[in-house]
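Okay, here's what each chain looks like letter by letter:
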Amino acid sequence: MFSQSDFRPRCARWLIATGLFLMLGACVDKPNTLERVKEDGVLRVVTRNSPATYFQDRNGETGFEYELVKRFAEDLGVDLKIETADNLDELFDQIQKPGGPVLAAAGLIDTEQRKKQARFSHSYLDVTPQVIYRNGQSRPTDPSDLVGKRITVLKGSSHAEQMAALKAQNPAIEYEESDAVEVVDLLRMVDDGQTDITLVDSNELAMNQVYFPNVRVAFDLGEGKGQRWAVALGEDNSLLNEINAYLDKVNKNGTLQRLKDRYYGHVDVLGYVGAYTFAQHLQERLPKYEKHFQASAKKEQVDWRLLAAIGYQESLWQPGVTSKTGVRGLMMLTQNTAQAMGVSNRLDARQSIQGGAKYFAYVKDQLDDTIAEPDRTWFALASYNIGSGHLEDARKLAENEGLNPNKWLDVKKMLPRLSQKKWYSKTRYGYARGGEPVHFVANIRRYYDILTWATQPQLEGSQVAESNLHVPGVNKTKPAEENPPL
Ligand code: BLG
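Residues numbered from 1 in each chain as written. Predicted model: local features only at pLDDT ≥ 70, side-chain atom pairs only at ≥ 80, totals over all residues. Heavy atoms only, no water.

### Describing the site of the ligand
Here is step 1 of the chain: Around the ligand lies a shell of 17 residues, among which Glu-314, Thr-337, Tyr-359, Tyr-384 and Arg-433 are the nearest.
Here is step 2 of the chain: One nitrogen or oxygen atom from the side chain of Tyr-359 is found 2.5 Å from an oxygen atom belonging to the ligand.
Here is step 3 of the chain: Look at the ligand: alone it shows 720 Å² of surface, and the protein chains cover 71% of it.
Here is step 4 of the chain: According to the grid-proximity analysis, the pocket containing the ligand is the largest pocket.
Here is step 5 of the chain: When contributions to the shell around the ligand are tallied by element, the ones reaching two or more residues are α16 (375-386) and α20 (435-454).
Here is step 6 of the chain: Ranked by residue count, the leading element in the shell around the ligand is α16, at three residues.
Here is step 7 of the chain: Residue composition of the shell around the ligand, grouped by class: seven nonpolar, six polar and four charged. (Near = heavy atom within 4 Å. Polar contact = N/O pair within 3.5 Å; in protein donor to acceptor, adjacent residues only side chain to side chain. Areas by Shrake-Rupley, 256 points an atom, 1.4 Å probe, with all protein chains shown as cover. 1 Å grid on protein atoms, 1.4 Å probe; cavity = no way out; pocket = protein on both sides within 12 Å on 5 of 7 lines; lining within 4 Å. Sits in = over half its atoms within 2 Å of the grid points. Helix = DSSP H or I, 4+ residues; strand = E, 2+ residues; numbered from the N terminus. Nonpolar A, V, L, I, M, F, W, Y, C, P; charged D, E, K, R; others polar.)

Spelled out as structure tokens, the structure:
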């Protein structure tokens with residue numbers, strides 16, 4: 001038995017304990033989605049394995065969606081776990097599954113159908129759906145021209161919904177939906193005539209035009225639309241609110257724009273005509289020299305695609321060219337360089353490539369040990385083009401300005417000064433056409449990225465016979481010009 005004086009404190013303790021337990025229980029039982037992600041320490045995201053979303057490149061995981069979502073996970077202070085869905089239906093199924101990924105980041109448009117399946121974030125990328133046809137065929141200019149054409153679109157895509165709407169208005173239009181392909185496959189099918197028409201978003205075409213010389217835009221189908229991330233329909237608002245705040249932030253602080261430039265900037269730099277031309281040269285010229293690039297790359301321990309990119313910048317892979325300044329051949333060697341590298345005939349493609357590769361490895365080796373990769377590669381390219389003396393001058397100018405002489409982003413700002421008397425009169429090696437290496441390096445980086453993307457060893461379906469070149473498939477890499485630190 002206990003006395004009354006015993007009872008009160010005990011009872012109070014019991015009540016407090018029960019209250020605490022219930023409060024704790026409420027917290028433990030019902031964390032919101034955002035709290036759950038933070039408790040787990042992992043943000044699980046489902047995406048598609050495609051050039052515009054997520055893929056492996058020479059440095060590992062990459063892709064526009066991947067980069068964007070990775071930064072979001074970093075902001076949340078959690079790890080990122082990427083899962084891929086084989087097709088769009090599966091992607092939407094995944095986010096509905098209890099215990100599955102909480103977010104889909106895959107270049108999604110919030111169509112009417114899809115709003116019944118998921119909730120969508122603010123938009124982070126404006127795209128326009130485009131009707132694509134093969135150059136040489138008559139160009140369709142409006143939906144009525146699509147009657148009688150073989151049309152293929154991705155199953156479950158916003159484009160499939162658009163085709164269904166067109167067919168409702170004009171039943172004579174026939175189209176096929178495929179879930180066995182990716183967007184790049186659709187472009188390839190148009191390019192080689194397996195189908196007449198496809199629909200893709202403008203960003204997908206921008207990324208892939210450099211591989212498909214025959215694909216052209218027939219017309220834009222409807223208004224521009226925003227790509228968005230999706231969360232499950234039944235989720236509370238916590239994660240979606242956080243996503244929207246993050247997307248607004250990266251929009252304002254310039255991060256989003258830098259990502260767009262990096263992933264979708266190809267066409268801006270090459271121009272559409274440049275993009276077709278590059279695609280043509282990739283198929284017609286590179287295969288003739290690829291084995292020479294590979295052999296020299298092996299000997300000099302350089303990536304062969306970087307050598308090929310130098311060769312494209314120098315001569316568009318033409319062994320017989322001579323510049324105004326008398327520099328010659330596929331790798332544009334000066335007389336002095338050719339002699340030093342043991343090249344007897346600069347117009348011989350194999351010799352030119354060997355000499356260029358050897359010279360590139362040499363100038364790279366000569367660089368100051370304090371210059372680390374990847375900048376070291378960009379400095380070596382600049383040195384190949386303008387000579388090590390002038391490059392040193394630009395590094396000194398950078399140092400004098402309080403910039404970092406080991407960072408390409410800083411030194412490239414100084415190089416153009418070498419052509420202004422005010423600046424070059426104070427340098428050791430004097431005047432140089434300092435703007436040239438800046439374009440030289442930027443272009444080569446662009447070509448290098450395109451080539452890396454086009455030469456994934458695991459890809460099937462090469463368009464270039466007996467070659468390592470592939471028109472991109474699903475495991476593709478990034479385009480990039482400056483790879484700015486984001
Ligand atoms: C480079 C040499 C460098 C040389 C610099 O010129 O040629 N590189 C090669 O031969 C591979 O060795 O440096 S130096 O030895 O320290 O002087 C500076 O003279 C070649 C450059 C020149 C450039 N293309 C490879 O990038 C060129 O031809 N520019 C003129 C183009 S045009 O005539 O205006 O169209």
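### Remarks on the pattern of salt bridges
Here is step 1 of the chain: Throughout the structure, instances matching the rule amount to 20 salt bridges.
Here is step 2 of the chain: The residue Asp-75 makes a salt bridge to Lys-249 at a minimum N-O spacing of 2.5 Å. Of this pair, Asp-75 sits in helix α3 (residues 64-76) while Lys-249 sits in helix α9 (residues 238-252); the two residues are 174 residues apart in sequence, bridging distant segments of the chain.
Here is step 3 of the chain: By relative accessible area, which is 39% here, Lys-249 ends up partly exposed. (Salt bridge = Lys/Arg side-chain N within 4 Å of Asp/Glu carboxyl O. Buried < 20%, exposed > 50% of the residue type's maximum accessible area, 1.4 Å probe, protein only.)

### Quick word on the side chain of Gln-209
Here is step 1 of the chain: In this structure, Gln-209 sits in the loop between α8 (202-208) and β12 (215-220).
Here is step 2 of the chain: The class of Gln-209 is buried, set by a relative accessible area of 1%.
Here is step 3 of the chain: Ignoring anything within four residues of it in the chain, the contact list for Gln-209 reads Val-215, Tyr-272, Ala-275, Tyr-276 and Ala-279. (Contact = heavy atoms within 4.5 Å.)

### Focus: the packing of α3 against α9
Here is step 1 of the chain: Where α3 contacts α9, the axes come no closer than 11 Å and their chain directions differ by 115 degrees. It follows that α3 is roughly perpendicular to α9 by the angle criterion. Judged by the sense of rotation from one axis to the other, the crossing of α3 with α9 is right-handed. For the pair α3 and α9, contact is made by Leu-68, Arg-71, Phe-72, Asp-75 and Leu-76 and by Leu-239, Glu-242, Ile-243, Tyr-246, Leu-247, Lys-249 and Val-250, respectively.
Here is step 2 of the chain: In the contact of α3 with α9, the residues fall into eight nonpolar, no polar and four charged. (Axes fitted to C-alpha atoms, helices over the stretch in contact; angles between N-to-C directions. Parallel < 35°, antiparallel > 145°, perpendicular 65-115°, else oblique. Left-handed = near helix turned anticlockwise from the far one by under 90°.)

### Details of the layout of surface pockets
Here is step 1 of the chain: Volume-wise, the largest pocket comes out at about 730 Å³.
Here is step 2 of the chain: Around the largest pocket sit 23 residues that line it, and Thr-325, Val-327, Asn-385, Arg-433 and Glu-436 are the ones nearest its centre.
Here is step 3 of the chain: For the lining of the largest pocket, the secondary structure elements donating two or more residues are α13 (304-315), α16 and α20.
Here is step 4 of the chain: Looking at side-chain class alone, the lining of the largest pocket contains nine nonpolar, ten polar and four charged residues. (Points joined across faces, edges and corners; volume = space filled by probe spheres on them.)

### Points about helix α15 (residues 349-366)
Here is step 1 of the chain: The terminal C-alpha atoms of α15, which comprises 18 residues, lie 26 Å apart, in line with the 26 Å expected from a rise of 1.5 Å per residue.
Here is step 2 of the chain: Looking at the buried residues of α15, the elements they touch are α12 (286-300), α13, α14 (335-340) and α16.
Here is step 3 of the chain: N-capping of α15 is provided by Asp-348, with a side-chain oxygen placed 3.0 Å from the backbone N of Arg-350. (Expected span 1.5 Å × (residues − 1).)

### With respect to the packing of α13 against α16
Here is step 1 of the chain: Direction vectors running N to C along α13 and α16 enclose 35 degrees, while the axes themselves pass 13 Å from each other. Considering how the two elements wind past one another, α13 and α16 form a crossing that is right-handed. Taking contact as the criterion, the partners of Leu-306, Ile-310 and Glu-314 in α13 are, on α16, Thr-377, Leu-381 and Tyr-384.
Here is step 2 of the chain: Residues belonging to the contact of α13 with α16 are distributed by class as follows: four nonpolar, one polar and one charged.

### Quick look at the side chain of Arg-346
Here is step 1 of the chain: Within the secondary structure, Arg-346 sits in the loop between α14 and α15.
Here is step 2 of the chain: Despite its burial, Arg-346 remains without a salt bridge, the nearest opposite charge being carried by Glu-314 at 11 Å.
Here is step 3 of the chain: A distance of 2.6 Å separates the side chain of Arg-346 from the backbone oxygen of Leu-333, its partner in a polar contact.
Here is step 4 of the chain: Only 3.1 Å separates the side chain of Arg-346 from the side chain of Gln-335, close enough to count as a polar contact.
Here is step 5 of the chain: Apart from residues no more than four positions distant in its own chain, Arg-346 is found in contact with Pro-319, Gly-326, Val-327, Arg-328, Gly-329, Leu-330, Leu-333, Thr-334, Gln-335, Ala-338 and Ser-352. (Lys, Arg positive; Asp, Glu negative; His and termini not counted.)

### Re empty space enclosed by the protein
Here is step 1 of the chain: Tallied over the entire structure, the rule returns three cavities of 30 Å³ or more.
Here is step 2 of the chain: Of the pockets and cavities examined, the largest cavity occupies roughly 190 Å³.
Here is step 3 of the chain: If you go around the largest cavity, you meet 21 residues; those closest to its centre are Arg-48, Gly-107, His-159, Asp-201 and Glu-204.
Here is step 4 of the chain: Of all elements in the fold, only β5 (103-109), α6 (158-169), β11 (197-201) and α8 reach the threshold of two or more residues within the lining of the largest cavity.

### Things to note about α13
Here is step 1 of the chain: With twelve residues, α13 extends 16 Å between its outermost C-alpha atoms, agreeing within 8% with the 16 Å of an ideal straight helix rising 1.5 Å per residue.
Here is step 2 of the chain: For α13, every residue scored as buried is listed here: Trp-304, Arg-305, Leu-306, Leu-307, Ala-308, Ala-309, Ile-310, Gly-311, Tyr-312, Glu-314 and Ser-315.
Here is step 3 of the chain: Backbone nitrogen of Arg-305 and a side-chain oxygen of the N-cap are separated by 2.9 Å at the start of α13; the cap is Asp-303.

### A short note on a negative patch on the surface
Here is step 1 of the chain: Taken together, Glu-35, Glu-39, Asp-40 and Asp-236 make up a surface patch of like negative charges.
Here is step 2 of the chain: Examined against the element boundaries, Glu-39 turns out to sit in helix α2 (residues 33-40).
Here is step 3 of the chain: Note on Glu-39: relative accessible area 59%, which makes it exposed. (Patch = residues over 30% accessible without salt bridge, like charges linked within 9 Å, V, L, I, M, F, W, Y side chains within 5 Å. Charge placed at Lys NZ, Arg CZ, Asp CG, Glu CD.)

### Brief notes about the nonpolar core
Here is step 1 of the chain: With 121 residues, the main nonpolar core has Leu-43, Leu-68, Leu-103, Trp-229, Phe-293 and Trp-317 as its most contacted residues.
Here is step 2 of the chain: Of all the elements, α20 adds the most residues to this core, at ten residues.
Here is step 3 of the chain: When residues no more than four places from it in sequence are discounted, the contact partners of Trp-317 are Phe-278, His-281, Leu-282, Arg-285, Leu-286, Tyr-289, Phe-293, Ala-308, Gly-311, Tyr-312, Leu-330 and Leu-451.
Here is step 4 of the chain: Counting 14 residues, the second-largest nonpolar core is a separate cluster that includes Ile-151, Leu-199, Ala-218 and Phe-219. (Core = buried A, V, L, I, M, F, W, Y, C linked by side-chain atoms within 4.5 Å.)

### A short note on the confidence of the model for the protein chain
Detail in the predicted coordinates should be disregarded across regions flagged by low pLDDT.
Here is step 1 of the chain: Mean pLDDT for the protein chain: 87, with 86% of residues reaching 70 or above.
Here is step 2 of the chain: Note that pLDDT drops below 50 for residues 457-468; the model gives that stretch 30 contacts with residues more than four away or on any other chain. (pLDDT = per-residue confidence, 0-100.)

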